[in-house]
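The primary structure of each chain is shown beneath.
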Amino acid sequence: MGLNNRYPTVIEAFLQIALKKAPFVTRGDYSGTHLREMALWEKCGITPGEGWYLFYPGVVGNMGALRFAREKKAYMLTDTASFLLSRSEGEMKVFVKSGLAGELANIFDLTLVNPEKVPSSRLKEASLFARWLRKEGGSTIIAEFGRNTYGRELFVPLHN
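Residues numbered from 1 in each chain as written. Predicted model: local features only at pLDDT ≥ 70, side-chain atom pairs only at ≥ 80, totals over all residues. Heavy atoms only, no water.

Colleague: For this particular structure, what's the right way to read helix H1 (residues 10–20)?
Modeller: At 3.6 residues per turn, the α-helix brings residues three or four places apart onto the same side. Taken residue by residue, H1 has Val10, Ile11, Ala13, Phe14, Ile17 and Ala18 as its buried positions. All buried residues of H1 lie within an arc of 160 degrees about the axis, which places them on one face of the element. Among the exposed residues of H1, those oriented more than 90 degrees off its buried face are Leu19 and Lys20. At the exit of H1 stands Lys21, carrying a positive phi of roughly 50 degrees. (Buried < 20%, exposed > 50% of the residue type's maximum accessible area, 1.4 Å probe, protein only. Helix = DSSP H or I, 4+ residues; strand = E, 2+ residues; numbered from the N terminus. Arc of directions from axis to C-beta.)

Colleague: What is the right way to read helix H3 (residues 61–72) from this model?
Modeller: Along its twelve residues, H3 runs 17 Å from first to last C-alpha, staying within 8% of the 16 Å computed at 1.5 Å per residue. Among the residues making up H3, those that are buried are Gly61, Asn62, Gly64, Ala65, Leu66, Phe68 and Ala69. Contact partners of the buried residues in H3: strand S1 (24–26), helix H2 (32–44), strand S2 (53–55), strand S3 (75–76) and helix H4 (80–85). Once H3 ends, the next one or two residues include Lys73, with phi positive near 50 degrees. (Expected span 1.5 Å × (residues − 1). Contact = heavy atoms within 4.5 Å.)

Colleague: In this structure, what is going on with the packing of H1 against H2? I would like to understand it.
Modeller: Geometry of a packed helix pair, given as the angle between the helix axes and the separation of the axes. Remark: H1 packs on H2, axes separated minimally by 10 Å, with the N-to-C direction vectors making an angle of 80 degrees. Classified by the angle their axes make, H1 and H2 are roughly perpendicular. Where H1 abuts H2, its residues Val10, Ile11, Phe14, Leu15, Ile17 and Ala18 lie against Glu37, Leu40, Trp41, Lys43 and Cys44. Considering only residue class, the contact of H1 with H2 consists of nine nonpolar, no polar and two charged. (Axes fitted to C-alpha atoms, helices over the stretch in contact; angles between N-to-C directions. Parallel < 35°, antiparallel > 145°, perpendicular 65-115°, else oblique. Nonpolar A, V, L, I, M, F, W, Y, C, P; charged D, E, K, R; others polar.)

Colleague: Can you walk me through the pattern of salt bridges in this structure?
Modeller: Side-chain pairs of opposite charge can arise whenever the charged atoms involved come near each other. What the rule picks out here adds up to three salt bridges. Taking the shortest distance from any N to any O, the salt bridge between Arg122 and Glu125 comes out at 3.5 Å. (Salt bridge = Lys/Arg side-chain N within 4 Å of Asp/Glu carboxyl O.)

Colleague: Whenever I open this one, the environment of Leu154 confuses me. Can you help?
Modeller: Along the polypeptide, Leu154 turns up in the segment after helix H7 (147–150). Classification of Leu154 as buried rests on a relative accessible area of 9%. For the pair formed by Leu154 and Ile142, sequence separation is twelve residues and the distance between their alpha carbons is 8.0 Å. Setting aside residues no more than four positions away along its own chain, Leu154 makes contact with Ala81, Leu84, Leu85, Phe145 and Gly146.

Any functional reading would require information beyond the geometric quantities listed.
Have a look at this one:
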């Protein structure tokens, strides 16, 4: 726990990691997670250094990187769903939590592709899927996903 029995902010956590030169695993792959991490280091005014800043050598995304971080006993930026799906609970701890807003918000979007620009796109099917996602069928599945297995949802629909 952070100060006053609360979770630290992500900036406080990153500053403490850098100050202590605690091992930190980065995906280093320019994925959304990696880009967010780089923006956070920049916001802290820190350039991660050799010795404690560890590049994950694989290409398995968050799941492989979490295994690597566990092996190295290192910190890592990841989303809640990946953390829970990796079954890291018990072996790893969450030090910073975020809701739907703020520096750790992880929003997924569905974008329909213009068939004039990408002829292989299937606008009719994509539109049907988008409508289904916005209605109760899709939002209910998203809202319930993971609840039975993890005791909480892994994703939160932004609108119904």
